[in-house]
Amino acid sequence: MSGIYIHIPFCKQACHYCDFHFSTNMGKKEAMVLALIKELELRKDEFKEEVVQTIYLGGGTPSVLNTAEIDQIIEAVYSNYTVLGAPEITLEANPDDLSKEKIEELAKSPINRLSIGIQSFFEEDLKMMNRAHNSKEAEDCIVLAKNYFDNISIDLIYGIPGMNNDRWISNIEKALDYGVPHISSYALTVEPKTALKAFIDKGLIPTVDDELAEVHFHILVEKLEAAGFINYEISNFGKPGYFSRNNTAYWQGKKYLGIGPSAHSYDVIRRGWNINNNAKYIKAIAQNELPIEVEVLSKTDRYNEYIMTGLRTIWGVSLERIKTEFGQKFYAYLAQQAHKKIEDGLLYIEKDHLLVSKKGKFLSDGIAADLFLVNLS
Ligand SMILES: C[S@@+](CC[C@H](N)C(=O)[O-])C[C@H]1O[C@@H](n2cnc3c(N)ncnc32)[C@H](O)[C@@H]1O
Ligand SMILES: C[S@@+](CC[C@H](N)C(=O)[O-])C[C@H]1O[C@@H](n2cnc3c(N)ncnc32)[C@H](O)[C@@H]1O
Ligand code: SF4
């Protein structure tokens, strides 16, 4: 099982909180599509033993591409890689791009999973975050998309300053009313060098309140679980049969190739990062150079990575795998570090797997960090 991630580095406008790589200058869109296709060709040997099971167009905003561009990119995957018979092919889309015509066209393309960046159904939140869509577009696009796509996910953000519990509950209830089978939901994070950070520093908007985010997270888990969703990863909830195969492969440590500026790649022993500059990326690819920085992962890096991702998921960390893949020294260290957290009710062991309890869930990244190793190899 392996996946290909393709980063589309353009957005119509910058959301105040976002530090992902994108440009609002669409002038290079055509050249970028050609460069992405060429990178797919240049890197095909890295995946010559692999069967691609998921293709994910993320961003940035992939829905700024027209369907001919989307088709060309997916075609380049098929012509250079071995692709499973029925792969999951996701497109991240923003509501303001999803007109009826666009959705109809997308439905004719190979895309079979639509991940829509709703974030909130409320005008106040959307304005505060500087989203390009309004609340009507947020609602209309789901109704339209449901006529053409079965596998739909929406993204929602919580812990937004000014968002009280009632507004957050309404957002969740609207998502449930629309009957989407998958929801990804993130706590608003204040990233350095974003407009959000500058506004908070100047006192123009209240700071993001961690306690509010934790309350929102627990409301989210309770409501979605009651509605039949499984919280299969801290930020991801799916009805049975609708877990994201792409994300699941990441969390289970499968290989993936990241194409496009800022995309990262992983092949179990190495991690690669593409340059996060559109002009430099296009120039390098045109010269048949891969603008990628590669880091070889030590055993300790791989252990830390497995602890971090494993504890975020319902599959947990396999103690057997720790013993066989990393050895007795790693296992003994983990057992010793986990002991206190098990006593405190933050972690538990079930069927030889270490898992985060309900009490520990919101804190899972911090709990994982306490189990990290620094220098064993
Ligand atoms: C990078 S966006 C790409 C997809 C699309 N452009 C969109 O906005 O939905 C993927 C997800 O990351 C979320 N995200 C980005 N920065 C975030 C932040 N600082 N805090 C919480 N969520 C964030 C977005 O809101 C979105 O749901
Ligand atoms: C994991 S995705 C959000 C999940 C998604 N809404 C879904 O369909 O379930 C969040 C963002 O992570 C980023 N991302 C995912 N894989 C990446 C990769 N290999 N390289 C760079 N960015 C990546 C993209 O910006 C993407 O928008
Ligand atoms: S959240 Fe999505 S639309 Fe907003 S700037 Fe980031 S990538 Fe672009």
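Treat the numbers as computed from the prediction; the structure is a model and nothing was measured.

What counts, and where the lines are drawn
Residues numbered from 1 in each chain as written. Chains lettered and ligands numbered in written order. Predicted model: local features only at pLDDT ≥ 70, side-chain atom pairs only at ≥ 80, totals over all residues. Helix = DSSP H or I, 4+ residues; strand = E, 2+ residues; numbered from the N terminus. Rg over C-alpha atoms; globule rule 2.2 N^0.38 Å. Contact = placed C-beta atoms within 7 Å. Buried ≥ 20, exposed ≤ 12 C-beta atoms within 10 Å, placed from the backbone. Pairing = 2+ DSSP bridges. Near = placed C-beta within 6 Å. Nonpolar A, V, L, I, M, F, W, Y, C, P; charged D, E, K, R; others polar. Domains from an automatic or database assignment. pLDDT = per-residue confidence, 0-100. Core = buried A, V, L, I, M, F, W, Y, C linked by C-beta atoms within 7 Å. Arc of directions from axis to C-beta. UniProt positions renumbered as here; feature names shortened; annotations may be inferred.

Colleague: Sorry, what's going on with the overall build of the protein chain here?
Modeller: Check the secondary structure of the protein chain and you find 14 helices and 15 strands. For the protein chain, the C-alpha radius of gyration of 21 Å lies close to 21 Å, the compact-globule estimate for 377 residues. Its C-alpha atoms give the protein chain principal-axis dimensions of about 55 × 50 × 45 Å. Residue pairs at least 24 apart in sequence account for 69% of intrachain contacts in the protein chain once pairs closer than 6 positions are excluded.

Colleague: Would you explain the pairing of strand E9 (residues 255–259) in this entry?
Modeller: Two faces belong to every sheet, and in a regular strand the side chains alternate between them. Within E9, 5 of the 5 residues are buried, which leaves it mostly tucked inside the rest of the structure. Covered by surrounding structure in E9 are Lys255, Leu257 and Ile259 together with Tyr256 and Gly258, the residues of both alternating faces. Across 5 bridges, strand E1 (residues 2–8) lies against E9 in parallel orientation. Bridge pairing in E9 places Ile6 opposite Ile259.

Colleague: Just checking my understanding: could you explain the site of ligand 2 for this structure?
Modeller: As a matter of local geometry, ligand 2 sits amid 18 residues, with Tyr5, Gly58, Ser115, Gly258 and Ala263 nearest to it. When residues of the shell around ligand 2 are traced back to their parent elements, those giving at least two are E1, strand E2 (51–59), strand E3 (82–93), strand E5 (152–158) and E9. Across the shell around ligand 2, the residue classes tally to 4 nonpolar, 12 polar and 2 charged.

Colleague: Looking at this structure, how should I read the sheet that holds strand E13 (residues 317–318)?
Modeller: Strand pairing in a sheet takes place through backbone hydrogen bonds and is either antiparallel or parallel in direction. Pairing is antiparallel in the open sheet, where 3 strands are placed in the order E13-E15-E14. The open sheet terminates on both sides in strands that have one partner only, identified here as E13 and strand E14 (347–350). As defined by bridge partners, E13 adjoins strand E15 (residues 353–356) across 2 bridges and the pair is classed as antiparallel. Looking at E15, one finds that Ser318 is bridged to His353.

Colleague: I'm lost on the site of ligand 1 in this one. Help?
Modeller: Around ligand 1 lies a shell of 16 residues, among which Phe20, Gly117, Asp155, Tyr186 and Thr189 are the nearest. Looking at the shell around ligand 1 residue by residue, the class counts come to 6 nonpolar, 7 polar and 3 charged.

Colleague: Looking at this structure, how should I read the domain arrangement of the protein chain?
Modeller: By a widely used convention, the size of an interface equals the accessible area lost when the partners come together. When cut into domains, the protein chain gives domain 1 (2–251) and domain 2 (299–371). Taking only C-alpha atoms, the centre of domain 1 and the centre of domain 2 are 29 Å apart. Every contact between the two is made by 7 residues of domain 1 and, on the other side, 7 residues of domain 2. Looking at the side of domain 1 that touches domain 2, the elements that each hand over two or more residues are helix H8 (210–226) and strand E7 (230–233). Here the side of domain 1 that touches domain 2 is composed, by residue class, of 5 nonpolar, no polar and 2 charged.

Colleague: Could you clarify how one ought to interpret the confidence of the model for the protein chain in this entry?
Modeller: Caution applies to low-pLDDT parts of the model: their predicted coordinates are not meant to be read in detail. Across the protein chain, pLDDT averages 96, with 99% of residues at or above 70. Under the prediction, the complex receives an ipTM of 0.96, its pTM being 0.96.

Colleague: Got a minute to help me understand unusual backbone geometry in this structure?
Modeller: Of all residues except glycine, most have a negative phi; of all peptide bonds, most are trans. With omega at 20°, the peptide bond leading from Gly59 into Gly60 counts as cis. By the element assignment, Gly60 lies in the loop between E2 and helix H2 (67–80). Phi angles above zero are rare outside glycine, and Asn130 is one such case at about 60°. Among the structural elements, Asn130 can be located in the loop between helix H4 (123–129) and helix H5 (135–146). Asn130 sits in the partly exposed class, given 14 other C-beta atoms within 10 Å. Phi is positive for Asp352, close to 65°, though the residue is something other than glycine. Topologically, Asp352 is positioned in the loop between E14 and E15.

Colleague: Please explain the nonpolar core as it appears in this structure.
Modeller: Nonpolar side chains tend to gather and get buried jointly when the protein is soluble and globular. Formed by 74 residues in total, the largest nonpolar core has its most connected members in Ile4, Val77, Ile116, Ile154 and Tyr158. Non-local contacts of Ile116, meaning those with residues more than four positions away in its chain, are made with Ala93, Pro95, Cys141, Ile142, Ala145, Ile152 and Ile154. Within the second largest apolar cluster, 16 residues are counted, among which are Tyr303, Ala338, Leu346 and Ile367.

Colleague: Looking at this model, I keep getting lost on helix H14 (residues 364–371). Mind explaining?
Modeller: The complete set of buried residues in H14 reads Ser364, Ile367, Ala368 and Leu371. Along H14, the residues classed as buried sweep out an arc of 100° about the axis, all on the same side. The outward face of H14, more than 90 degrees from its buried face, is lined by the exposed residues Asp365 and Gly366. On its buried face, H14 sits against helix H11 (299–312), helix H13 (328–343), E14 and E15.

Colleague: Sorry, what's going on with the UniProt feature "domain: Radical SAM core" (unreviewed entry) in the protein chain here?
Modeller: As recorded in UniProt, the feature "domain: Radical SAM core" (unreviewed entry) lies at residues 1–230. The span residues 1–230 carries 41% helix and 21% strand; its end-to-end C-alpha distance comes to 22 Å.

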